[in-house]
Amino acid sequence: MCGRTACSLGADNLRRACAYRDSRGRQRQPEWIRGERYRPSYNKGPQSSGPVFLRLVQKDADSSERVLMDMRWGLVPSWFKKDDPSKMQFNTSNCRSDTMLKKSSYKGALLQGKRCVVLADGFYEWQQQSGGKQPYFIYFPQTKDAVAEEKEGEEEWRGWRLLTMAGIFDCWEPPAGGEMLYTYTIITVDASKDVSFIHHRQVRAGGGGTAGRMPAILDGDEAIRKWLDFAEVPTQEAVKLIQPTENIVFHPVSTFVNSVRNNAPECLAPIELGAKKEVKATPSSKTMLGWLKNSQEGSPQKKENDLPRWTSQFIHSPSPKKTSAGILQQWLGKEGQPAAKKRKA
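Residues numbered from 1 in each chain as written. Predicted model: local features only at pLDDT ≥ 70, side-chain atom pairs only at ≥ 80, totals over all residues. Heavy atoms only, no water.

Asker: In this structure, what is going on with the environment of Trp-126? I would like to understand it.
Answerer: Summarising the element assignment, Trp-126 is placed in strand S10 (residues 122-129). Its relative accessible area of 18% is what places Trp-126 among the buried residues. For Trp-126, the residues in contact, after removing those within four places along its chain, are Arg-4, Lys-133, Gln-134, Pro-135, Ile-198, Val-257 and Asn-258. (Helix = DSSP H or I, 4+ residues; strand = E, 2+ residues; numbered from the N terminus. Buried < 20%, exposed > 50% of the residue type's maximum accessible area, 1.4 Å probe, protein only. Contact = heavy atoms within 4.5 Å.)

Asker: Just checking my understanding: could you explain the nonpolar core for this structure?
Answerer: Across soluble globular proteins, nonpolar side chains have a tendency to be buried as a group. Grouped together as the largest cluster of nonpolar side chains are 64 residues, with contacts concentrated most on Phe-53, Met-100, Ile-168, Tyr-184 and Trp-227. Non-local contacts of Phe-53, meaning those with residues more than four positions away in its chain, are made with Cys-18, Tyr-20, Pro-30, Arg-66, Val-67, Leu-68, Cys-116, Val-117, Leu-119, Ile-224 and Leu-228. Counting 12 residues, the second-largest nonpolar core is a separate cluster that includes Tyr-42, Trp-126, Phe-137 and Val-249. (Core = buried A, V, L, I, M, F, W, Y, C linked by side-chain atoms within 4.5 Å.)

Asker: Got a minute to help me understand helix H2 (residues 104-111) in this structure?
Answerer: The periodicity of an α-helix, 3.6 residues per turn, causes residues three or four places apart in sequence to face the same way. Residues of H2 that are buried: Ser-105, Tyr-106, Ala-109 and Leu-110. The arc enclosing the buried residues of H2, seen along the axis, measures out at 100°, which places them on a common side. The elements touched by buried residues of H2 are strand S8 (94-96), strand S9 (115-120), strand S12 (163-172), strand S13 (181-190), helix H3 (221-228) and helix H4 (235-238). Two residues or fewer past H2, Gly-113 is found with a positive phi of approximately 80°. (Arc of directions from axis to C-beta.)

Asker: Looking at this structure, I do not really get unusual backbone geometry. What am I missing?
Answerer: Outside of glycine, negative phi angles account for most residues, and trans bonds account for most peptide bonds. Positive phi, close to 55°, is recorded for Arg-34, a residue that is not glycine. Along the chain, the position of Arg-34 falls in the loop between strand S4 (31-33) and strand S5 (41-44). Of note, the phi angle at Gln-47 is positive, near 80°, even though the residue is not glycine. As for its placement among the helices and strands, Gln-47 is situated in the loop between S5 and strand S6 (49-55).

Asker: In this structure, what is going on with the sheet that holds S5? I would like to understand it.
Answerer: Through backbone hydrogen bonds, the strands of a sheet pair up, either in parallel or in antiparallel fashion. Strand order in this open sheet of five strands is S5-S1-S10-S11-S15, and the pairing throughout is antiparallel. Each edge of the open sheet carries a strand with a single partner, namely S5 and strand S15 (249-252). Each adjacent strand pair in this sheet contributes to an overall mean axis angle of 30°, direction not counted. Pairing between strand S1 (residues 5-7) and S10: two bridges, direction antiparallel. Bridge pairing in S10 links Ala-6 to Gly-122. (Pairing = 2+ DSSP bridges. Axes fitted to C-alpha atoms, helices over the stretch in contact; angles between N-to-C directions.)

Structural data, given as structure tokens:
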């Protein structure tokens, strides 16, 4: 499943990170709808608000035009009749790909073309261990020319590549009238091979196990375009895009992230598991930590959203676990395109 994410970019940088080409090949940045409601966070949980990408639904608009919108995580179907969405008796933060066309909570919205892309730096997953649960941060590999600090005035985004997850949204109107509530759910698929070991498998009678789930990730602008363009890509074709991906990497993070009330860069900072001595930061982990620090202290995000200052016991000497995927070599990797190291059998 996907129960916690991070999206730490400020509103303007989020637009730049979501640049795309329209049907005429022009480079565009999506406009915000209700952008003043957006708040960056290193630790987003269900029922909080988060940014989603969707196609503009105006009849006279370019079919490829996209917008950003802040929506609440946890889908409330348009047909829900009670006056308070919190009275829903089932969890709709995630939607299984194998049942989304069967369950009434999602089927109607999906057939109406209410497809969206949920944006995040990455998502968190917990591995069950003998001493408790160990959290991991999972995200796209980052190119070697990605920069830790963006300069004001630069049009082309060269910062963190956002994770783009397939979602379904809906809008609900209170029965007594009032403001429309826009909500979304994240579609999940079976966990890919590289991250399946993180998920706790419940052993069934007879020796079987239940495979973990992960978000359905749309890798690349073509997949995003097809998922969003409900006018040209019908539902039955769009759902074929919903597949597990191997193009992700991860590293262990502190249990500081366990509490959703904790919202600071150390939530996703890499740590060394089981370190018995002071750990020297690698060049790639230093770069990531620099990016985290800049995003909090010196970036436009700080100016736009006035996030609180922070201190961290982890930020000074962490290093990702060397036997987990990629040790963040994908973040300004030493040679060529980054590649995630596979877990030894």
